[in-house]
2 protein chains.
Amino acid sequence: MTEPAIKYRLIKKEKHTGARLGEIITPHGTFPTPMFMPVGTQATVKAMSPEELKAMGAGIILSNTYHLWLRPGEDLVKEAGGLHKFMNWDQGILTDSGGFQVFSLADMRNITEEGVHFKSHLNGAPLFLSPEKAIQIENALGSDIMMSFDECPPFYESYDYIKKSVERTSRWAERGLKAHQNPEKQALFGIVQGGGHEDLRKLSARDLVSLDFPGYSIGGLSVGESKAEMNRVLDFTTPLLPEDKPRYLMGVGSPDALIDGVLRGVDMFDCVLPTRIARNGTCMTSHGRLVVKNAKYARDFSPIDDNCDCYTCRNYTRAYVRHLFKADETFGLRLTSYHNLYFLLNLMKQVRQAIMDDNLLEFKEHFFEEYGLNVKNPKNF
Amino acid sequence: MTEPAIKYRLIKKEKHTGARLGEIITPHGTFPTPMFMPVGTQATVKAMSPEELKAMGAGIILSNTYHLWLRPGEDLVKEAGGLHKFMNWDQGILTDSGGFQVFSLADMRNITEEGVHFKSHLNGAPLFLSPEKAIQIENALGSDIMMSFDECPPFYESYDYIKKSVERTSRWAERGLKAHQNPEKQALFGIVQGGGHEDLRKLSARDLVSLDFPGYSIGGLSVGESKAEMNRVLDFTTPLLPEDKPRYLMGVGSPDALIDGVLRGVDMFDCVLPTRIARNGTCMTSHGRLVVKNAKYARDFSPIDDNCDCYTCRNYTRAYVRHLFKADETFGLRLTSYHNLYFLLNLMKQVRQAIMDDNLLEFKEHFFEEYGLNVKNPKNF
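Criteria and cut-off values
- Residues numbered from 1 in each chain as written.
- Chains lettered and ligands numbered in written order.
- Predicted model: local features only at pLDDT ≥ 70, side-chain atom pairs only at ≥ 80, totals over all residues.
- Heavy atoms only, no water.
- Least-squares fit on C-alpha atoms with pLDDT ≥ 70 in both.
- Contact = heavy atoms within 4.5 Å.
- UniProt positions renumbered as here; feature names shortened; annotations may be inferred.
- Helix = DSSP H or I, 4+ residues; strand = E, 2+ residues; numbered from the N terminus.
- Pairing = 2+ DSSP bridges.
- Expected span 1.5 Å × (residues − 1).
- Buried < 20%, exposed > 50% of the residue type's maximum accessible area, 1.4 Å probe, protein only.
- Arc of directions from axis to C-beta.
- Phe/Tyr/Trp six-rings, centres within 6.5 Å; stacked < 30°, edge-to-face > 60°.
- Lys NZ or Arg CZ within 6 Å of the ring centre and 35° of its normal.
- Axes fitted to C-alpha atoms, helices over the stretch in contact; angles between N-to-C directions.
- Domains from an automatic or database assignment.
- Buried area = accessible area lost by both parts, 1.4 Å probe.
- Salt bridge = Lys/Arg side-chain N within 4 Å of Asp/Glu carboxyl O.
- pLDDT = per-residue confidence, 0-100.
- Polar contact = N/O pair within 3.5 Å; in protein donor to acceptor, adjacent residues only side chain to side chain.

J.: How should the relation of the copies chain B and chain A be read in this particular structure?
T.: The relation between the two copies of this chain is a rotation about an axis and a shift parallel to it. Under the fitted operation, chain B is carried onto chain A by 0.0 Å of movement along the axis and a turn of 180°, and the coordinates agree to an RMSD of 0.0 Å. Between the two chains, the operation in question is that of a two-fold axis. The C-alpha atom lying nearest the rotation axis in chain B is that of Thr330(B); the distance is 3.8 Å. A shared binding surface is used by both copies, with 100% of the interface residues of chain B retained as interface residues in chain A.

J.: Sorry, what's going on with the UniProt feature "active site" (unreviewed entry) in chain A here?
T.: Residues and elements named next belong to chain A. Under the feature "active site" (unreviewed entry), the UniProt entry names Asp96 and Asp270. Look at the named residues: they lie 175 residues apart in sequence, but the longest C-alpha span between them is just 10.6 Å, so in the fold they bunch up. When residues no more than four places from it in sequence are discounted, the contact partners of Asp96 are Ser63, Asn64, Thr65, Tyr66, Gln101, Glu138 and Met147. Looking at the element boundaries, Asp270 is found in strand E14 (residues 268–270). Every residue in contact with Asp270, bar those within four places of it in the chain, is listed here: Phe36, Met37, Val39, Leu62, Tyr248, Leu249, Met250, Gly251, Val252 and Gly253.

J.: Hey, could you run me through the pairing of strand E1 (residues 7–13) of chain A in this one?
T.: The side chains of a regular strand alternate, first on one face of the sheet and then on the other. All names here are of chain A. Strand direction decides the pairing type here: E1 and strand E2 (residues 20–26), joined by six bridges, are antiparallel. Looking across to E2, one finds that Arg9 is bridged to Glu23. Joining the antiparallel neighbours E1 and E2 is a turn of six residues.

J.: Sorry, what's going on with helix H15 (residues 360–372) of chain B here?
T.: Helical periodicity: at 3.6 residues per turn, an α-helix aligns residues three or four positions apart in one direction. Residues and elements named next belong to chain B. For H15, with 13 residues, the first-to-last C-alpha span of 18 Å sits near the 18 Å given by 1.5 Å per residue. Among all positions in H15, only Leu360, Phe363, Phe367 and Tyr371 are buried. Along the axis of H15, the buried positions cluster into a sector of 55°, meaning they face one direction only. Every exposed residue of H15 that faces more than 90 degrees away from the buried side is listed here: Glu365, His366 and Glu369. Buried residues belonging to H15 abut helix H10 (255–263), strand E15 (282–285), strand E16 (288–291) and helix H14 (330–356).

J.: Explain the pairing of E15(B) to me, please; I cannot follow it from the model alone.
T.: All names here are of chain B. With burial as the criterion, each face of E15 is covered, one bearing Thr282 and Met284 and the other bearing Cys283 and Thr285. Direction of pairing for E15 relative to E16: antiparallel, over a ladder of four bridges. Bridged to Thr285 within E16 is Gly288. Between the antiparallel neighbours E15 and E16 lie two residues.

J.: Looking at this structure, I do not really get the packing of aromatic side chains. What am I missing?
T.: The geometry of an aromatic ring pair is captured by two quantities: the separation of the ring centres and the angle between the planes. Going through the model one piece at a time under the given rule, you end up with 32 aromatic pairs over all chains. Arranged with centres 5.0 Å apart and planes meeting at 80°, the rings of Phe155(B) and Tyr156(B) form a pair that is edge-to-face. Judged by its relative accessible area of 5%, Phe155(B) falls in the buried class. Sitting over the face of the ring of Phe368(A), Lys364(A) holds its NZ or CZ atom 5.1 Å from the ring centroid.

J.: In this structure, what is going on with the UniProt feature "binding site: Zn(2+)" (unreviewed entry) in chain A? I would like to understand it.
T.: Residues and elements named next belong to chain A. As recorded in UniProt, the sites labelled "binding site: Zn(2+)" (unreviewed entry) are Cys308, Cys310, Cys313 and His339. Spatial clustering of the annotated residues is evident: they stretch over 32 residues in sequence, but the largest pairwise C-alpha distance comes to 8.5 Å. Of note, Cys308 is situated in the loop between strand E16 (288–291) and helix H12 (311–315). Setting aside its immediate chain neighbours within four residues, Cys308 contacts Cys313, His339 and Tyr342. On the basis of relative accessible area, Cys313 is assigned to the buried category, the value being 8%. Discounting residues that sit within four places of it in the chain, Cys313 has contacts with Pro303, Ile304, Asp305, Cys308 and His339.

J.: Please explain the sheet that holds strand E1 (residues 7–13) of chain B as it appears in this structure.
T.: Through backbone hydrogen bonds, the strands of a sheet pair up, either in parallel or in antiparallel fashion. Residues and elements named next belong to chain B. Strands sit in the order E1-E2-E3 across an open sheet of three strands; the sheet is antiparallel. Both outer strands of the open sheet, E1 and strand E3 (29–33), are each paired with one neighbouring strand and no more. Within the sheet, the average angular offset between the axes of one strand and its neighbour, ignoring direction, is 15°. By the bridge criterion, five bridges tie strand E2 (residues 20–26) to E3 in an arrangement that is antiparallel. Bridge pairing in E3 places Glu23 opposite Pro32.

J.: So what exactly am I meant to see when it comes to the packing of helix H14 (residues 330–356) of chain A against helix H15 (residues 360–372) of chain A here?
T.: Each pair of packed helices can be described by the angle between their axes along with the distance between the axes. Their axes nearest at 8 Å, the elements H14(A) and H15(A) cross at an angle of 145°. Two secondary-structure elements touch here, H14(A) through Phe343(A), Leu347(A), Gln350(A), Val351(A), Ala354(A) and Ile355(A) and H15(A) through Leu360(A), Phe363(A) and Phe367(A).

J.: Mind showing me how you'd approach the domain arrangement of chain A here?
T.: Note on interface size: it is often stated as the accessible area lost on association of the parts. Residue and element names in this part refer to chain A. In terms of domain boundaries, chain A breaks down into domain 1 (7–270) and domain 2 (278–371). Just the C-alpha atoms count here: the centres of domain 1 and domain 2 sit 27 Å apart. Listed per partner, the contact involves 33 residues of domain 1 and 27 residues of domain 2. For the pair domain 1 and domain 2, the summed buried area comes to about 2600 Å², and 77% of that belongs to carbon and sulfur atoms. Area buried by domain 1 at its contact with domain 2 is led by Met56, Pro255 and Ile259, which between them contribute 23% of it. Run the count over domain 1 and domain 2 and you get four salt bridges.

J.: Looking at this structure, I do not really get the confidence of the model for chain A. What am I missing?
T.: The predicted structure's coordinates, where accompanied by low pLDDT, should not be read in detail. For chain A, the average pLDDT comes to 95, and 97% of its residues sit at 70 or higher. The complex model carries a pTM of 0.96, and its ipTM stands at 0.96.

J.: What's the story with the interface of chain B and chain A in this structure? I'm lost.
T.: At the interface, 37 residues of chain B touch 37 residues of chain A. Roughly 3100 Å² is buried in total at the junction of chain B and chain A, and carbon and sulfur atoms are behind 52% of that figure. There are six salt bridges connecting chain B and chain A. For the salt bridge of Arg299(B) with Glu79(A), the shortest nitrogen-to-oxygen distance reads 2.3 Å. Where chain B packs against chain A, one counts 22 residue pairs in polar contact (both at pLDDT 80 or more).

Spelled out as structure tokens, the structure:
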């Protein structure tokens with residue numbers, strides 16, 4: 001039996017919640033948990049340099065198997081020396097399996113036991129992705145943490161459909177595990193599905209835990225259900241997962257959902273939210289969202305967030321950032337992207353401190369209050 | 001009589017050419033000459049941060065009065081504490097007068113002795129720019145070096161027209177000088193015009209030198225004439241300018257033209273060329289231009305320029321930069337923009353060393369040879 005590529009070290013559990021402080025040791029450095037992972041879909045975190053990501057405290061980023069498979073192709077990335085070298089990033093990389101993109105981006109998919117037939121969102125070319133193919137691509141990319149190929153059905157799909165899907169996802173996870181070429185260098189996670197059904201989440205977790213993955217992802221959330229619904233599912237799902245392995249809640253990145261996930265025992269998160277809204281001129285701040293393009297900031301010479309000490313907030317005003325957006329200058333995207341990523345990474349740093357101090361619930365209350373002041377509908381933040 | 005805002009210190013003249021080594025002391029730091037100035041049209045050098053510009057050795061940048069007047073407006077910039085503070089740049093800034101943009105960008109212009117009536121290129125609004133108005137805007141922006149409001153007629157305009165234009169530009173220069181509010185903080189340059197006519201360049205230089213500006217610009221070049229024609233005009237124009245003042249050749253940024261300008265006694269240059277072609281995926285290299293988007297670089301894991309030690313060339317391959325462009329990732333623009341600006345700033349550094357060593361002609365020969373190898377028509381580089 002080979003040593004797994006990563007190790008999870010549990011440092012401390014909070015007294016009155018499920019929150020846990022830990023660290024994950026990867027072949028490319030160690031990062032503390034709970035952690036938010038910036039998303040670099042196409043081998044780059046949009047508008048950011050690797051040095052900037054390091055400066056803001058990102059110890060691991062996510063990249064997308066589906067996108068890199070289509071362009072530039074996993075063979076090219078492998079020839080370049082792997083994804084780390086290709087994109088000049090020497091810290092941790094997690095790759096998804098492509099499953100989510102197949103179900104969210106691609107056209108005309110046809111799911112069989114063998115895998116999924118679908119068409120490229122770039123040029124309509126017919127494509128086929130299977131558990132084995134996804135693993136082969138992820139092996140070529142050389143990420144530190146890989147995802148099993150899963151099906152991510154809509155949250156409100158029928159019970160019968162989700163049950164069949166969960167069973168197939170378990171079989172796919174096992175096939176992926178067998179296809180995995182170097183478990184000593186890349187850690188493969190299983191993905192727990194099951195929608196909003198406790199018995200199906202149990203079934204999924206039982207199947208996957210029996211395969212002894214070095215970590216477990218929670219999939220099928222943040223796909224349209226309410227925050228309350230997500231929390232309800234987490235309440236009964238994280239306790240199904242082993243304490244000595246990391247838990248990764250996929251696709252979640254709003255500040256409230258991060259805190260609520262941590263309170264329920266989640267260690268890792270990722271989401272395009274901070275960079276996507278940044279490119280639209282929307283910033284996360286300690287007082288809620290701020291749309292810096294708005295006319296009212298034209299002569300506002302204060303920083304985006306007066307409680308933030310990021311590069312953007314230390315050096316630039318709302319008036320300047322607004323000017324850059326109005327003038328279509330890409331430096332504007334850099335400044336808001338930096339700020340939003342820093343905001344979430346710094347939030348997680350504060351969350352880790354709160355766990356250490358056994359006061360994450362008080363931290364949450366204070367954060368939500370501050371943050372709600374200027375936000376009409378905090379659930380959509 | 002107040003002290004001028006800037007000082008030019010001539011360090012050395014080359015033995016067999018007109019090239020000169022010097023430095024310019026501004027209220028925001030000192031930079032060596034000959035120098036290339038990156039262009040930050042809208043209060044930002046496209047895709048670059050101030051820290052990156054400093055790291056590549058830029059001691060002064062150019063910003064555009066016309067653009068900042070229209071958006072965000074000079075009053076707002078002044079309220080922000082001036083252009084340096086607004087854009088977080090504590091080194092030198094040179095502003096043009098808006099004259100060139102009025103003649104190249106704006107619609108339906110009508111030139112009178114008083115100034116120019118025209119329409120905004122943004123929204124068609126009627127606008128009026130005069131020597132006094134241009135200076136008022138530049139005073140509000142707070143640049144270290146300001147330009148007089150001039151007319152820049154097409155190179156092949158009739159002799160009679162250019163003569164009248166030169167005479168008007170001289171009168172406008174004098175009006176600008178009178179309107180200038182703080183010559184002890186901002187140095188106003190006169191702009192020598194006169195097209196391709198030696199007598200008109202003489203007339204222009206005589207008029208302007210009699211007004212004793214702290215520096216002189218050479219305008220009306222790089223506007224469609226050949227490189228040979230530009231060099232011919234420089235041959236008889238720079239000797240008309242005082243030795244103890246800096247000389248700035250406006251709008252010139254191709255490597256060959258920079259070297260040829262320096263050989264004829266020019267100290268300062270600016271051009272959007274390096275950043276503009278960078279955004280199109282074209283890189284300046286020691287072996288000529290390289291279009292990194294080309295398919296032949298898909299699996300080329302060498303740097304953009306094997307003789308370059310810039311951030312981009314030290315850390316990224318042609319294959320990666322090409323991938324970023326194919327995938328429409330803005331980090332690609334960052335990498336090529338950084339490289340091209342570094343290339344020109346580093347070229348000027350080598351040029352300064354060559355002047356010190358009295359071998360700029362040999363340097364030019366070697367550079368042109370290397371650079372011509374992969375370039376079909378070096379005149380268009």
